[in-house]
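The primary structure of each chain is shown beneath.
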Amino acid sequence: MEEFIGKLPAMDLMRSEQMTFVQFIIPVESAHRAVSYLGEVGLVQFRDLNAEKSPFQRTFVNQVKRCAEMSRKLRFFKDQVGKAGIKSPENPVVQPDVVLEEVEIQLVEHEHELTEMNSNSERLRQSYNELLEYKMVLQEAGSFLFSGKNHPVAEERELDETAYSNDYVETASLLEKEMRPGASEQSGLNYVSGIICQTKVLIFERMLFRATRGNMLFNQAPANEGIMDPVTSEMVEKVVFMVYFSGEQARKKIRKICEAFGANCYPVPDDITKQRQMTSEVLSRLSELEATLDAGIRHRNSALSSMSLHLPKWTNLVRREKAVYDTLNMLNFDVTKKCLVGEGWCPIFAKAKIQEVLQRATYDSNSQVGIIFHTMDAVESPPTFFRMNKFTNAYQEIVDAYGVARYQEANPAVYTVVTFPFLFAVMFGDWGHGICLLLGALVLIARESKLSNKKLGSFMEMLFGGRYVLLLMSLFSIYCGLIYNEFFSVPFHIFGRSAYKCRDTTCSDARSAGLIKYRDPYPFGVDPSWRGSRSELPFLNSLKMKMSILLGVTQMNLGIILSYFNARYFESSLDIRYQFVPQMIFLNSLFGYLSLLIVIKWCTGSQADLYHVMIYMFLSPTDDLGENQLFWGQRPLQILLLLLALIAVPWMLFPKPFILKRLHIERFQGRTYGVLGISEMDVEAEPDSARALQHHEDFNFSEVFVHQMIHSIEFVLGAVSNTASYLRLWALSLAHSELSTVFYEKVLLLAWGYDNAIIRLVGLAVFAFATAFILLMMETLSAFLHALRLHWVEFQNKFYHGDGYKFKPFSFALLNDDDE
Amino acid sequence: MYGFEALTFNIHGGFLEAIVRGHRASLLTAADYNNLCQCETLDDIKMHLSATEYGPYLQNEPSPLHTTTIVEKCTLKLVDEYKQMLCQATEPLSTFLEYITYGHMIDNVVLIVTGTLHERDVQELLEKCHPLGMFDSIATLAVAQNMRELYRLVLVDTPLAPYFSECITSEDLDDMNIEIMRNTLYKAYLEDFYRFCQKLGGATAEIMSDLLSFEADRRAVNITINSIGTELTRDDRKKLYSNFGLLYPYGHEELAVCEDIDQVRGVMEKYPPYQSIFSKLSYGESQMLDKAFYEEEVKRLCLAFEQQFHYGVFFAYMRLREQEIRNLMWISECVAQNQKSRVHDSVVFIF
């Protein structure tokens, strides 16, 4: 046995990679290169040796700041490129390697250029807007004036250069031309015209009304075009207004109010010819400005698009550099200040590679001194590292969601790959639904390369991440569906003809008296004739219930066996003798025996009542079994099993803590003869290293005993409750098949009964929606959750500690994910 | 909400209380302040803050940073959080949240009116206003010439309108009566807020009455100290004190006749809760009084989080965040002006 297990091929996924604690001593001149090479390899997890220092007290803080500044610029560019609507090219130009310093200079230049262009175009845009507004005011206000023409009032034009706060030469000159000493101020009825945001009109009017105590007339008309805000580049709806009032005081107030509301006032000549002249002047200026603006935008776009070619490359570079400096910040200077000392974890298989990379770094940076790389002992437990592929990754995620495996502990993901989809399928057995799921999974897998680059929504991302889980789940549910003979709850005669037939040709008593069996059993799965018969539910329930118990007992036994392999691996014979053996005996003497009875009952076709057998095995084990006897010698066997189970409980409860106590005392006595002082010396030599973490082993007997007691009680009670918990397989499977029957019979068949195309169509639609949303989505989710629970609780609590921590290497390949 | 708020509070207030407690967890701690105080440049401060909740607000600021930018962005975060909570709030919480901003509104009104009096640019003044105390027609304040106009033109639309009934005069505005206006408004506001909280009842009333009383008493002390040596008469001074709080009514009478800081001290030391504040100060000193009051306030605000099912946490959170922004402003100023020795002078640690 021992030999056989020893000879088994190594299972990568079963146990974490062998990790080792390593120390680097890197000369300062080659440090950057070495770390960035290590980042490319991506198999070293550095320990932060400066944890007590705040970020800006670290050595490379300036470089980190520079990188942060550069990434800020890059974000700015990206934002600008995005706003300008330029698509970044699919495959960016391959450039020779760029150096950070060069990029930094380029970035500064580009930013300068871009901000200048932006401010230019903003200025232009502003004056353009003003002209546009003026044009609108001229158009709209003109119509106000002419509608009021028949009133013989000498209107006075109001100039408002103070309210017109912008100081651009071209527009200002435009205004000056308007300042002719034209109309007289005889009547005292003045007006101010201007333009204001639509949202503010109401409150603006109210304010004007209050300020002038109602002595004013307010005309407004919506402008026919929106105006683009130069800062946010959003379109703003504006309204042209014209206020008539009288008096100098009122004018001052109105002007102030206009100013306060950000309303731009523009003068409108009351003479129609002048107005025309103004309009044409404004229009010509507008078209000029438009041309300049367009040219500016073209220029800017071309600059941006040339920039966008480099953008991904630069972003990548900056991100890498920042990561390198962040890592360098985790290293310590040694006493001479000429070397950096780093510590970290790496898998043993990567040591050669790391060594080679470090040599290359020394060589490339022309360093006189090589990099020292050696392994050290660590008290801390190493991180857990499994090498994944895209298939196993999702299953490992399912396990990690519960807890990351302790270092070198048996990894349940190995079994989860198969058992998880299988238990799911037991609850979701329907090959029609299975095919739907399969199609979905295949679509996801077929578009894998396309989807993996894209940013998906949270729901899609979850689906996509679990595509291989989905694939196996669907395959298994097709398999289970074939066994249950369910296809959207319709039975099929796939594997031959049914074993049953009616008693006579009319088949009138099929429902009451039942069918008769006339040939060999249906070769695979459930006979289709069960469907719709009176005894369908009792038959299927009994089948599924027993099956659930068989599956559950098998999986729990697997869990306990894994605890044996764990104990063997960690060479703890104590756990094997006082935990594994009694647990095995306890579970199998009760529920293993039940499984045996089930199998025997299936094989022999006996009528024995298993409830009765199990219950009276405890209540009166010596009584005669009577008609419930399944095999010879059942009663003595039951008594034996019961005794074994009773013995197993104290067996797993008492010996272990006492033996631990004895061992501890022995070790403590032995220590007086042991090697002295070695650990203490090390601690003094390197106070910062991981070895300094003192390992205190205080033995507290009462704590250990209580712990053991909790575990034993949990196992004993758990054996019962976990077995019962596996009955959810039956319950969910029942619920699924009943639901799909309801939708099929009460919706689809009912609608089909009518001879009306519309009702049939509606029925079909309802059936399709119910199938898609309730059966395919909700039921998948619930079956998934229950399968998850069976794995996390019922299976993993037998052996899995899950208190390790994940190996998080410093790797450039992993960088992209967490930044965006 | 009559003693049984635990039964029903979570129906409307549970979500937001959770949110505000989450926000509270992101307040800077003493360790953060210690790190911030060690910063050499404003960039260091930015770098440290980028690891906190302020990160997203500061990350896109170009490097030569100014104190004003830091404060502006930090305030922006507070305002965003406030607006988010206000959007989610139902009555009466939404009214309660609005009450919190009225103080800023009063300050903004006073700022603009004073500014226009000294012929400052309105736009420039608007930038200085606290964003929480903004209202639609705030810029129009510049139009008003006297109190009556101020009220009739602008403030009648704002929630401050009822508070104005006491100070409508036709006098032209000047520094003195603006200051009196501010204090009258504040008095009316605090009393109104106090009444509102009493109306809410339950733990809210209990906790808020403590916090607001403290606020009222602090204002009373400040008014007294600031009005020593001015032409404000004793009766006028007394009119500015809010009509609730620990000092009301006997303390107010004594404060009204105080002629110097030591007399104020004498009055205040009769009240045990304030004894500890004044015992920290040496005689004749009023510089550190502000800090002492702030420290006491922060202590009380933090205690508001100890109890559940009341609205006081919202008030407390907003105040704590404002204190944090004041701290950040002080630290940044000290760092920017190379006055690092004074950095601890006015920083009030929250946790």
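Residues numbered from 1 in each chain as written. Chains lettered and ligands numbered in written order. Predicted model: local features only at pLDDT ≥ 70, side-chain atom pairs only at ≥ 80, totals over all residues. Heavy atoms only, no water.

A count of helices and strands for chain B gives 17 helices and zero strands. Taking 20 Å as the expected radius of gyration for a compact globule of 351 residues, we find that chain B reaches 21 Å, a close match to that expectation. Viewed in the frame of its principal axes, chain B has a C-alpha envelope of about 50 × 50 × 45 Å. A total of 351 residues make up chain B; the buried ones form 55% of that total. Within chain B, contacts between residues at least 6 apart in sequence are counted, and of these 64% link residues at least 24 apart. Counting only carbon and sulfur atoms, one obtains 51% of the accessible surface of chain B, whose full area is about 15500 Å². Looking at chain B, you have 31 positive and 52 negative side-chain charges, and the mean spots of the two groups are 3 Å apart. (Helix = DSSP H or I, 4+ residues; strand = E, 2+ residues; numbered from the N terminus. Rg over C-alpha atoms; globule rule 2.2 N^0.38 Å. Buried < 20%, exposed > 50% of the residue type's maximum accessible area, 1.4 Å probe, protein only. Contact = heavy atoms within 4.5 Å. Areas by Shrake-Rupley, 256 points an atom, 1.4 Å probe, with all protein chains shown as cover. Lys, Arg positive; Asp, Glu negative; His and termini not counted. Charge placed at Lys NZ, Arg CZ, Asp CG, Glu CD.)

Let's shift gears to the overall build of chain A. Scanning chain A from N- to C-terminus turns up 25 helices and 13 strands. Counting over 820 residues, chain A shows a buried share of 45%. Summarising the internal contacts of chain A: among those between residues at least 6 apart in sequence, 82% fall at separations of at least 24. About 43100 Å² of surface is accessible on chain A, with carbon and sulfur atoms providing 60% of the total.

Residue and element names in this part refer to chain B. One way to put it is that helix H2 (residues 14–25) packs onto helix H6 (residues 67–88) with a least axis distance of 10 Å and a crossing angle of 170°. Considering the angle they form, H2 stands roughly antiparallel to H6. Facing H2, whose interface residues are Phe15, Leu16, Ile19, Val20 and His23, H6 presents Glu81, Gln84, Met85 and Gln88. Its residues placed into classes, the contact of H2 with H6 shows five nonpolar, three polar and one charged. (Axes fitted to C-alpha atoms, helices over the stretch in contact; angles between N-to-C directions. Parallel < 35°, antiparallel > 145°, perpendicular 65-115°, else oblique. Nonpolar A, V, L, I, M, F, W, Y, C, P; charged D, E, K, R; others polar.)

Here we come to a negative patch on the surface. Among the surface-exposed residues, Glu259 of chain A together with Glu72, Asp121 and Glu127 of chain B lie close enough to one another that they form a single negatively charged patch. Considering the arrangement of structural elements, one finds Glu259 of chain A in helix H7 (residues 248–261). Residue Glu259 of chain A is classed as partly exposed on the basis of its relative accessible area of 43%. (Patch = residues over 30% accessible without salt bridge, like charges linked within 9 Å, V, L, I, M, F, W, Y side chains within 5 Å. Salt bridge = Lys/Arg side-chain N within 4 Å of Asp/Glu carboxyl O.)

With that out of the way, let us pick up the interface of chain A and chain B. At the junction of the two partners, chain A supplies 20 residues and chain B supplies 26 residues. Carbon and sulfur atoms supply 57% of the area buried between chain A and chain B, which totals about 2100 Å² over both sides. Ranking the residues of chain A by area buried against chain B places Phe56, Arg72 and Arg210 of chain A at the top, with a combined share of 29%. Applying the counting criterion to the chain A and chain B interface returns one salt bridge. A salt bridge links Lys65 of chain A to Asp44 of chain B; the shortest N-O distance between them is 2.6 Å. (Buried area = accessible area lost by both parts, 1.4 Å probe.)

Attention now moves to unusual backbone geometry. Note the cis peptide between Glu91 of chain B and Pro92 of chain B, where omega equals -5°. With respect to the helices and strands, Pro92 of chain B occurs in the loop between H6 and helix H7 (93–117). Note that the residue after Tyr248 of chain B, namely Pro249 of chain B, is joined by a cis bond; omega there is -5°. Within the secondary structure, Pro249 of chain B is located in the loop between helix H12 (234–240) and helix H13 (250–256). Despite not being glycine, Gln408 of chain A has its phi angle at roughly 70°, a positive value. Looking at the element boundaries, Gln408 of chain A is found in the loop between helix H10 (390–400) and helix H11 (413–427). For Phe488 of chain A, which is not glycine, the phi dihedral falls at a positive 50°. Note that Phe488 of chain A resides in the loop between helix H15 (467–484) and strand S12 (500–501).

Right, let's get into the sheet that holds strand S3 (residues 189–197) of chain A. Residue and element names in this part refer to chain A. Read from one edge to the other, the open sheet built from four strands follows the order S4-S7-S3-S8, with strand pairing classed as antiparallel. Each having just a single partner strand, strand S4 (216–222) and strand S8 (264–265) make up the two edges of the open sheet. Sheet topology note: the S4/strand S7 (residues 238–246) ladder contains seven bridges and is antiparallel. Looking across to S7, one finds that Phe218 is bridged to Val243. Here helix H6 (residues 201–211) sits on the sheet in contact with S3, S4 and S7, set at roughly 165° to S4. Those strands touched by H7 are S3, S7 and S8, and its axis lies near 165° from that of S7. (Pairing = 2+ DSSP bridges.)

So, about the UniProt feature "coiled-coil region" (unreviewed entry) in chain A. Look at the UniProt record and you will see "coiled-coil region" (unreviewed entry) annotated at residues 100–127 of chain A. The straight-line gap between the two end C-alpha atoms of residues 100–127 of chain A is 40 Å; of that span, 100% is helix and 0% is strand. (UniProt positions renumbered as here; feature names shortened; annotations may be inferred.)

With that settled, consider the packing of aromatic side chains. Residue and element names in this part refer to chain A. Overall, the coordinates contain 60 aromatic pairs over all chains when judged by the stated rule. Positioned over the ring face of Tyr518 is Lys501, at 5.0 Å from the centre of the ring. Lying across the ring of Trp752, Arg760 places its NZ or CZ 4.9 Å from the centre. (Phe/Tyr/Trp six-rings, centres within 6.5 Å; stacked < 30°, edge-to-face > 60°. Lys NZ or Arg CZ within 6 Å of the ring centre and 35° of its normal.)

The next thing to look at is the layout of surface pockets. All names here are of chain B. Volume-wise, the second largest pocket comes out at about 1900 Å³. In terms of lining residues, the second largest pocket is bounded by 48 residues, among which His104, Asp107, Asn108, Lys128 and His130 are the most central. For the lining of the second largest pocket, the secondary-structure elements that each account for two or more residues are H6, H7, helix H8 (122–128), helix H10 (175–200), helix H11 (202–227), helix H16 (289–304) and helix H17 (312–336). Broken down by element, the lining of the second largest pocket gets its largest block of residues, eight residues, from H7. (1 Å grid on protein atoms, 1.4 Å probe; cavity = no way out; pocket = protein on both sides within 12 Å on 5 of 7 lines; lining within 4 Å. Points joined across faces, edges and corners; volume = space filled by probe spheres on them.)

Our next topic: the packing of helix H23 (residues 728–753) of chain A against helix H24 (residues 757–795) of chain A. When two helices pack together, you describe them by how their axes are tilted relative to each other and by the distance separating the axes. All names here are of chain A. Two elements in contact, H23 and H24, have axes separated by 9 Å at closest approach and are oriented at 175°. Relative to H24, H23 is oriented roughly antiparallel. Here the contact of H23 with H24 is built from residues that sort into 18 nonpolar, five polar and four charged.

A word on the pattern of salt bridges. For the structure shown, the criterion picks out 43 salt bridges over all chains. Of the charged contacts, one joins Asp400 of chain A and Lys806 of chain A as a salt bridge, the two residues approaching to 3.1 Å between their closest N and O atoms. Of the two residues, Asp400 of chain A is situated in helix H10 and Lys806 of chain A in the loop between H24 and helix H25 (812–819); the sequence distance between them amounts to 406 residues. Residue Asp400 of chain A is classed as buried on the basis of its relative accessible area, which comes to 14%. A salt bridge links Asp107 of chain B to Arg182 of chain B, with the shortest nitrogen-to-oxygen separation between them at 2.9 Å.

What follows deals with the nonpolar core. Counting 121 residues, the largest nonpolar core has Phe96, Phe193 and Phe314 of chain B as its most contacted members. With sequence-adjacent residues up to four places away left out, Phe314 of chain B is seen in contact with Leu16, Glu17, Val20, Met85, Leu93, Phe96, Leu97 and Ile100 of chain B. Within the second largest apolar cluster, 80 residues are counted, among which are Phe386, Phe424, Leu587 and Leu732 of chain A. (Core = buried A, V, L, I, M, F, W, Y, C linked by side-chain atoms within 4.5 Å.)

This part covers the state of the cysteines. Residues and elements named next belong to chain A. Here the structure, examined in full by the defined rule, presents zero disulfides over all chains. In this structure Cys197 is a free cysteine whose sulfur lies 13 Å from that of Cys258, the closest cysteine sulfur available. Using a relative accessible area of 22% as the deciding quantity, one classes Cys197 as partly exposed. (Disulfide = S-S within 2.5 Å.)

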